[in-house]
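Letter by letter, the chains look like this.
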Amino acid sequence: MRVLVVGGGGREHALCWKISASPLCSKLFCAPGNPGIAETATCVAIGAEDLDGLVTFAKDEKIDFVVVGPAAPLVAGLVDRLTQAGIKSFGPRKAAAQLEGSKGFTKDLLAKYNIPTGAYGRFKDAESAKTFVAQKGAPIVVKADGLAAGKGVILCQTVDEANAAVDSIMTDRAFGAAGNEVVIEEFLYGEEASFFVLVDGKTALPLAAAQDHKAVGDGDTGPNTGGMGAYSPTPVVDAAMHARIMKEIVIPTVDGMAKEGTPFTGVLFVGLMIGEEGPKVIEFNARFGDPECECLMMRMKSDVLPALLATADGQLANFDVRWHDEVALTVIMAANGYPGTPEKGTVIGGLTGVDALEGVKVFHAGTKEETRGAEKVIVASGGRVLAVTATGKNVREAQARAYQAVDLIDWPGGFCRRDIGWRAVAREKN
Ligand code: AMP
Ligand code: GLY
């Protein structure tokens, strides 16, 4: 089977690495890919948001199956376009990708089907948004409705901050058209977790839970990022919590989407706040998390390709996925300046041989190959640059191995958090 993976980050490197190991895959392409992906797939210079280019390539190259990594092409309708062209793909259609593409759409669905989430209001103008803020008081959360690269959520401790957030999103258009509408939400307390489920339109097959570290600094300080590290499984989602999440959140969401005439197919990423009242939905994403996907692919024992195909084919009912017993943990190495303006072009050394460490795999995200003098070197070309992933018998061992690998990488132009997995490590000590 000829497979095309769309995207070029650490998530797509992990997907390509795992798909390329499948005996079902005869040829693997990745658009646009990156130098790490190039070790296992043929990279083609087509952007993940170039829908015309991707569809033409898939037709010309007789691609049998397209796996879409990022949200933007899903929300723009790539799966609809490929389906029209007769090409099978993994990911939701545009109407179902609204679960990620519109926070207002998601909140209305959750409310309609009584799925636990924070109380909220949706507003198309700044004045009525501010009236709602005045009624509810602070702390309160202000969110741009549309896709804002993970930055459209503002946690406000005071009413003044909330009013300023409304102005920034709706009046100054800090996130462009994503701010045509705002959602204002109750502030939720608890511990966050990410829960991943394959969904074929009607059946939900749970994969695993993970915990992400969104803040840039150690101890969860500083501005939010796309994710500075993750580990899976996570003790906050034990067997009882897993069962509650499936029953109270996942199944009603999958059934609700089908009833609405927009059945969801692909991977549903449930962002949860687990507090005293149980699990509540913070957000849905219509794709694998990054770096959570790196952890999941390292832990997955089964061939991933049949699982992705069964999802696309509506055949998950009797399907199962097997996992290694080990924990996987990813440390993101980011370019200095991230999440503001990351410094580009700095040379990354010491990569050779890191993968030879036991249980370690370095996935590339924002890297590029360049010629410097007579040498080919790997340089930074984005914010999040490497996803250093390791497995171990517990979080502490996986963490130790991941940082041992990080310490072999010679990259003065980058940094990482030193405490990925701290909540679980603290629990393991008790
Ligand atoms: P989102 O992009 O919706 O995942 O939001 C980004 C981050 O903001 C989440 O990971 C949470 O840490 C935080 N957050 C979002 N909504 C809420 C809420 N209602 N209460 C508390 N924190 C929130
Ligand atoms: N790691 C969070 C995300 O992929 O959105």
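As the structure is a prediction and not an experimental result, all values here were calculated from the model.

**Re the site of ligand 2**
- Lining the immediate surroundings of ligand 2 are D212, G226, F269, R287, G289, D290, P291 and E292.
- A distance of 3.2 Å is found between a nitrogen atom of ligand 2 and a backbone nitrogen or oxygen belonging to G226.
- Taking R287, its side chain carries an N or O atom lying 2.9 Å from an oxygen atom of ligand 2.
- Residue composition of the shell around ligand 2, by class: two nonpolar, two polar and four charged.

**Some details on the site of ligand 1**
- Close contacts around ligand 1 come from 15 residues, with E185, E186, L188, E192 and E283 the closest.
- Contact distances for ligand 1 include 2.4 Å between an oxygen atom and a side-chain N or O atom of E192.
- Isolated, ligand 1 exposes 470 Å² of accessible area, and the fraction of that covered by the protein chains is 92%.
- Secondary-structure elements contributing two or more residues to the shell around ligand 1 are β7 (140–144), β8 (153–156), β9 (182–186) and β16 (278–285).
- Of the residues contributing to the shell around ligand 1, the split by class is seven nonpolar, one polar and seven charged.

**A closer look at the side chain of H13**
- Tracing the backbone through its elements, the reader meets H13 in helix α1 (residues 10–19).
- Among the polar contacts made by the side chain of H13, one reaches the main-chain amide nitrogen of H364 at a distance of 2.8 Å.
- Residue contacts for H13: discarding those within four places in its chain leaves G36, I37, K361, V362, F363 and H364.

**A few points about the packing of aromatic side chains**
- Across all of its chains, the model carries seven aromatic pairs by this definition.
- An angle of 20° between the planes, with centres 6.4 Å apart, marks the rings of F90 and F288 as stacked. Residue F90 is found in strand β5 (residues 88–90), and its partner F288 is found in the loop between β16 and α10 (292–299); the two are separated by 198 residues along the sequence. F288 shares its class with F90; the two are buried.
- With 4.7 Å between their ring centres and 50° between their planes, F196 and F269 make a pair best called tilted. Residue F196 is located in strand β10 (residues 191–200), and its partner F269 is located in strand β15 (residues 265–275); the two are separated by 73 residues in the primary sequence. When sorted by exposure, F196 lands in the same class as F269, which is buried.
- Positioned above the aromatic ring of F29, the side-chain terminus of K27 is 5.2 Å from the ring centre.

Thresholds, definitions, all that
- Residues numbered from 1 in each chain as written.
- Chains lettered and ligands numbered in written order.
- Predicted model: local features only at pLDDT ≥ 70, side-chain atom pairs only at ≥ 80, totals over all residues.
- Heavy atoms only, no water.
- Near = heavy atom within 4 Å.
- Polar contact = N/O pair within 3.5 Å; in protein donor to acceptor, adjacent residues only side chain to side chain.
- Nonpolar A, V, L, I, M, F, W, Y, C, P; charged D, E, K, R; others polar.
- Areas by Shrake-Rupley, 256 points an atom, 1.4 Å probe, with all protein chains shown as cover.
- Helix = DSSP H or I, 4+ residues; strand = E, 2+ residues; numbered from the N terminus.
- Contact = heavy atoms within 4.5 Å.
- Phe/Tyr/Trp six-rings, centres within 6.5 Å; stacked < 30°, edge-to-face > 60°.
- Buried < 20%, exposed > 50% of the residue type's maximum accessible area, 1.4 Å probe, protein only.
- Lys NZ or Arg CZ within 6 Å of the ring centre and 35° of its normal.

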